[in-house]
Protein chains: 2
Amino acid sequence: MERTDEPDLAALVRQEDLRAVRERLLELDLPVLLDELERLDARARAVAYRMLPRAASVRVFELLAPALQSELLTQLRSQDVGLLVAELDPDDRASLLDELPTSVARELLTGLEPDERRMTLAVLGYPPESVGRRMTPEVLSLPLGITVADALVQVREGADAAETIYMLPVVDPGRVVVGVVSLRRLLVTDPETVVDAVMSAPITVTATLDQEVAARSVRDHGALAVPVVDAEDRLLGVLTVDDAMRILELEESEDVARSGGTVPTGRPYLSTSVWRLVRSRVAWLLILIVAAALTVNVLDYFEDTLARVVTLALFVPLLIGTGGNVGAQSATTVIRALALDEVRTRDVGRVLVREVAVGVLLGGALALLAFLPSAWLAGVDIAVVLAISLVAVCTLAAGAGGVIPIVARRLGVDPAVISAPFITTFVDATGLVVYFLVAGLVLGL
Amino acid sequence: MERTDEPDLAALVRQEDLRAVRERLLELDLPVLLDELERLDARARAVAYRMLPRAASVRVFELLAPALQSELLTQLRSQDVGLLVAELDPDDRASLLDELPTSVARELLTGLEPDERRMTLAVLGYPPESVGRRMTPEVLSLPLGITVADALVQVREGADAAETIYMLPVVDPGRVVVGVVSLRRLLVTDPETVVDAVMSAPITVTATLDQEVAARSVRDHGALAVPVVDAEDRLLGVLTVDDAMRILELEESEDVARSGGTVPTGRPYLSTSVWRLVRSRVAWLLILIVAAALTVNVLDYFEDTLARVVTLALFVPLLIGTGGNVGAQSATTVIRALALDEVRTRDVGRVLVREVAVGVLLGGALALLAFLPSAWLAGVDIAVVLAISLVAVCTLAAGAGGVIPIVARRLGVDPAVISAPFITTFVDATGLVVYFLVAGLVLGL
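Nothing here was measured: the structure is a model prediction, and the numbers come from that model. Throughout this document, residue positions are counted from 1 along each chain, in the order its sequence is written. In the order they appear in the text, chains get letters beginning with A and ligands get numbers beginning with 1. Where local features are concerned, this predicted model is filtered to residues with pLDDT of at least 70; where side-chain atom pairs are given and counted, the filter is 80 or more; whole-chain, interface and lining totals use all residues. Hydrogens and water molecules were not included; the side-chain quantities draw on all heavy atoms of the structure.

## Some thoughts on the relation of the copies chain B and chain A
Quick reminder of the rule: We place the copies in one frame by least squares, fitting the C-alpha atoms of every residue whose pLDDT is at least 70 in both. Any two residues having at least one pair of non-hydrogen atoms within 4.5 Å are treated as being in contact.
Overlay of chain B on chain A (RMSD 0.1 Å): rotation 180 degrees, translation along the axis 0.0 Å. This pairing of chains is accounted for by a two-fold axis. Both copies present the same face, since 99% of the interface residues in chain B are matched by interface residues at the equivalent positions in chain A.

## Quick word on the packing of aromatic side chains
Which entries qualify depends on this criterion: Geometry of aromatic contacts follows a simple scheme: Phe, Tyr and Trp rings, the Trp one being its six-membered ring, pair when their centres are within 6.5 Å, and the pair is stacked under 30 degrees between planes, edge-to-face over 60, tilted otherwise. Where helices and strands are cited, they refer to DSSP runs of H or I of at least four residues and of E of at least two residues respectively, numbered from the N terminus. Relative accessible area decides the class of each residue, using a 1.4 Å probe on protein chains only: under 20% of the type maximum gives buried, over 50% gives exposed, and in between gives partly exposed. In this analysis the charged atom, NZ for Lys or CZ for Arg, is taken to sit over a ring once it is within 6 Å of the ring centre and within 35 degrees of the ring normal.
Counted under the stated rule, the structure contains 11 aromatic pairs over all chains. Aromatic side chains W284(A) and F422(A) sit 5.0 Å apart centroid to centroid with 85 degrees between the ring planes, which places their arrangement in the edge-to-face category. You can see W284(A) sitting in helix α17 (residues 274-301) and its partner F422(A) sitting in helix α23 (residues 420-443), a full 138 residues away along the chain. Ring centres of Y435(B) and F436(B) lie 5.5 Å apart, and the angle between their planes is 65 degrees; on these two criteria the pair is classed as edge-to-face. Each member of the pair Y435(B) and F436(B) is classed as buried. By the ring-pair criterion, three or more aromatic residues cluster together here, those being Y301(A), F302(A), Y435(A) and F436(A). Across from the ring centre of Y269(B), 4.9 Å away, lies the NZ or CZ of R354(A), which sits over that ring.

## Concerning the sheet that holds strand β1 (residues 142-143) of chain A
Sheets are built from strands paired through backbone hydrogen bonds, the pairs being either parallel or antiparallel. Residue and element names in this part refer to chain A. Note the threshold: Two strands qualify as a pair provided DSSP detects at least 2 bridges between them.
Read from one edge to the other, the open sheet built from three strands follows the order β1-β2-β3, with strand pairing classed as mixed. The open sheet has two free edges, formed respectively by β1 and β3 (177-182), since each of these has just one partner strand. Two strands pair when backbone bridges link them, and strand β2 (residues 167-171) and β3 are joined in this way by five bridges, in the antiparallel orientation. By the bridge assignment for β3, M167 is matched with S182.

## Quick notes on helix α20 (residues 316-339) of chain B
Note that an α-helix has 3.6 residues per turn; residues three or four places apart therefore point the same way. Residues and elements named next belong to chain B. Just so we agree on the cut-off: Between the first and last residue of a helix there are one fewer steps than residues, each counted as 1.5 Å, and that sum is the expected span.
Relative to the 34 Å expected for 24 residues at 1.5 Å per residue, α20 spans 34 Å between its end C-alpha atoms, a close match to the ideal helical length. The buried fraction of α20 is high, at 22 of 24 residues. Remark: D341 follows α20 within two positions and exhibits a positive phi of approximately 65 degrees.

## Some words on the UniProt feature "domain: CBS" (unreviewed entry) in chain A
Residues and elements named next belong to chain A. Basically, it comes down to this: UniProt positions are given in the numbering used here, feature names are shortened, and annotations may be inferred rather than shown by experiment.
Feature annotation in UniProt places "domain: CBS" (unreviewed entry) on residues 135-197 and 198-256, given in this structure's numbering. In residues 135-197, the share of helix is 32% and the share of strand is 21%. The end C-alpha atoms are 28 Å apart. Across residues 198-256, helical content stands at 47% and strand content at 22%; the span's end C-alpha atoms are separated by 43 Å.

## A word on unusual backbone geometry
All names here are of chain A. Not every positive phi belongs to a glycine, and E16 is a case in point at roughly 55 degrees. Considering the arrangement of structural elements, one finds E16 in the loop between α1 (9-14) and α2 (18-27). With a phi angle near 65 degrees, D341 is a residue other than glycine that sits in the positive phi range. You can see D341 is positioned in the loop between α20 (316-339) and α21 (348-378).

## Structural notes on the environment of R54(A)
All names here are of chain A. The condition is simple: Whenever a nitrogen or oxygen atom comes within 3.5 Å of another N or O atom, the pair is scored as a polar contact, on the condition that within protein one atom can donate a hydrogen and the other can accept it, and that pairs from neighbouring residues in sequence are kept only if both atoms are in side chains.
When you line up the elements, R54 lands in helix α5 (residues 54-63). Overall, the relative accessible area of 43% leaves R54 in the partly exposed class. The sequence separation of R54 and P169 amounts to 115 residues, and the corresponding C-alpha distance is 34 Å. Residues in contact with R54, not counting those within four places in the same chain, are L83 and E87. Within the structure, the side chain of R54 is placed 3.3 Å from the side chain of E87, a separation counted as a polar contact.

This is how it looks when you write it as C-alpha cells:
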C-alpha cells in the first residue's frame, strides 16, 4: 500500500503552487485525500483544504478528527465556518462543538437554523462517550399497521432526509419501537401485507449506553443500523454501521495507546506536535519510575549479598526481563479476552488457575534452556538459583498478568490501562525479592 | 455488562438437565448465546449445541471461529455435518474446510450440490488471508443500459439468493464492473431513467488483495459493500460491511496477540487449552531469552567495574525498565500509526527526528526527578551517572522504538511483531552498555 511515485502534497503547498495542489487533490480517492491532509502541518492543511471543491470540502471536514476540525476552523473565514457547521450531521456537529472553546461553540450554535440547533442540542444533552452523542436523530420510521405498499411510498418520500432507509424501526403511536423491518423484506413482500406481519423483534440500544458497547452490538448482530431509544423505548435516532465502525476504530486506537502506556491524543501521529507527544507519555513514565524505585530499594536491601556474590547481578536483567515478557503475554491475552467479553470478572479463579499453569510450564522450559549456559558461565550453584527463580518469577508474572486486569475491571478501571509496562514494573520488584531469597536459601548466605 | 444473576449454562450441562439447557439457550440473544457457547469446554459445547433449534443452529455455527467449528463437527453425527456444511455461505464454508483434515474436507466437498461445490472451490482457489476467501460469490448485479424500473424488478426477483441488495454493481456485457448504484438511489429515481445515468464510479477490491486492506477500504469509504473483481475488473463477488467488521475484529485480535509477544490462537480464551496457550507463547519467550543473554554478557564484561562499585547495580533495573517503557510507548504509537496509514515507510526520517526529540525531553524530565533521591541514596557521582544514562537510554529507546517498526514494514515483516517485548529486550542490552560507559567516564574507572 505504498505510494511513492506521486508528487508530494506538502511540497506543492510549500511551493505555493495552488493550481497543482488543487489538481492533486481532485485526483485522490477520499480516504487517501484524508490521509494526505492529516500528514500536513496545520497551516498547510488549511491551505490545501481551501482548494477543495465545495461538495468535497464538507465531506472531508466531516471525516477529520474533531481535534483537527477545530484547528482548521480557526484558519477559515467565519462565513465559511458557518456554512460548514450548518452542513454537518448533528452528531458530527456535537463532537466538534465539544472541541471548541465554549464561546465559539455558543456563537456557532446561534448561527444555526432552529431545527438544526434543536437536534444538535438534543445530541449534546447526552453524556460524552454515550451512543446518544453518536446517533443521528434523522431517522425514518414506520407507524404500526401501515401496509408494505404505503411503507414503500413513505420510504421514497423520506429517503432524502434520513440517514438510512435500509433498516426501518416500526413505532406505535407513542413512538415506542415495537419492531424493525428491512427494506429488503419490504421489497420482497406482497404490497398489501401489513408491516406488523413482517417486522422482527427490534435490537435497540439506549441513548445513554457507552458508544463502544453499542458499536459492538451493531457488529455482533451484523446489523446495518440499530434504533437508539430512551429509557421508555421511544425512538430517538439511529446508530448506523459506518458510525459503529468509526467508533470501534477510535476505541481501538485509544486501547492501543493505553496498552503502550500513553494517553490517547485523538490526533493522527504526524499532525501531533512533539510537545503533545511528550505530554501524552510523561505522566505514566513518572508514575512508573516512582514504582521502579522499589527495585532500587530491594537491591539496596540485598546489597551485602550482592557485594559478596557479584555474579548474581549478571542475571538480574535477564530474569526480570523474562518475567516482564511473560507478564505482558498474560496481560495482553486477558485484556483482549475481557474486551471481547470472552472472560468476565467472575472468571477470575479460572483465569488464575490457567495462567499459573501456563507460567509454571513456560518457566520450566526457560529454566531448562538457561541451565547449562549459566552453569558454564557462573557455576552450578548460581545456575540452580537462576533456574528456580525463573520458574517462580514466570509463575508469579503469568498469574499477576492474568488477574490484575480482571481486578481492574472489577474496580471500574479500564483494563487497557493495566498495560505491559505496569505488569513489567510490578514483576521487576517482586522478581528481585524472589531471586535474592532463593539465592539466600541455595547459597546459604 | 456483567451478567451474574442467570443460571450458569456450564452447570446446567454438567447436571445433564437438557430441558433447562434448551430453555436457557432460547432466552439468549444471538451474540450472548455465542459468548456462552465459547465459554464451555468442547464436550459441553457439543451437548448444548445439539439442543439448539434447527434454524438457530446454522446461524450459530456460521458465527463460531473456524477452529471451534471444526472441533464441533467431530462431535456431531455425519448426517448433521453434511446438512450444516451445505447451509453455510461459500466463504464461511471455505474457512471451515481450511481447518479440517484434508480427507474430511474432501469428503464434505463431495457431498455438496454441484453449484455449491463450484462456488466453494472458487473461494478456496484464492490465497489464504485474501479477500477472495472472504467474499461471497452470491452477488446481484445489473446490466448496463437497464432502466430503473426493470432494475427494481430484478432486485425483487434476485433478493433471496443475493447477500446484499443495497449496493448493486453495474456490469458491461463482459461482466466488467463499470459502476455501482445503491438501492436507495434506485428508489428515489424516476423509473424510466437508465441506471447508467445514476450509477457512481465503483470502488472495487481485487480478489487477491489482503482481507484486512479490503476491510479497511469498506470502513474508510463508509460503504455497505464493495464489489470484488479479478485482475480485469470482472465481477466475482461482494465483500459486505458485516464481513468487513468481522475481519477487522479478527485482525485486531491477531495484532493485539502479536503486540504482547504471543502467536494468535484463533480461539476464544476460555476455549483454548493450557497446552495451546503455552505453545502460543513459548516460541517468542525462547527467542527473547536468548536475546536477553546479551545482557548477561554485557554485565559479565563490566563485572570488574560492578565489583568495585556495587552501588551501580542498584539502578540497573530502574534504568533498563524505564528505557523499556519509553521504547514500548514509541513502538506502540508508531505501529498503530502504520496500521492506520498515518505513517508510511518513507516517513522514517520524520519519525526518527520526532521520537529522538520526545526521548530527550522525557529522559530529561525523568533525570530531574531521579537526581535528588539517587544522590541522597548513592552519592552525587552515581546520581550524575544515572541522570546522564537516563537521558541517553530514553533517547535511544524512543528512537529505536519509533524506527524499528518502520524498518520491519519495509522488510515485509508485520510491524505488530516488533512488539514491546522486543524493544524492551533490545533496550536492556544497549542501555547497560551506555550505563557502564557513562560510569567509566564520570567515575574515572
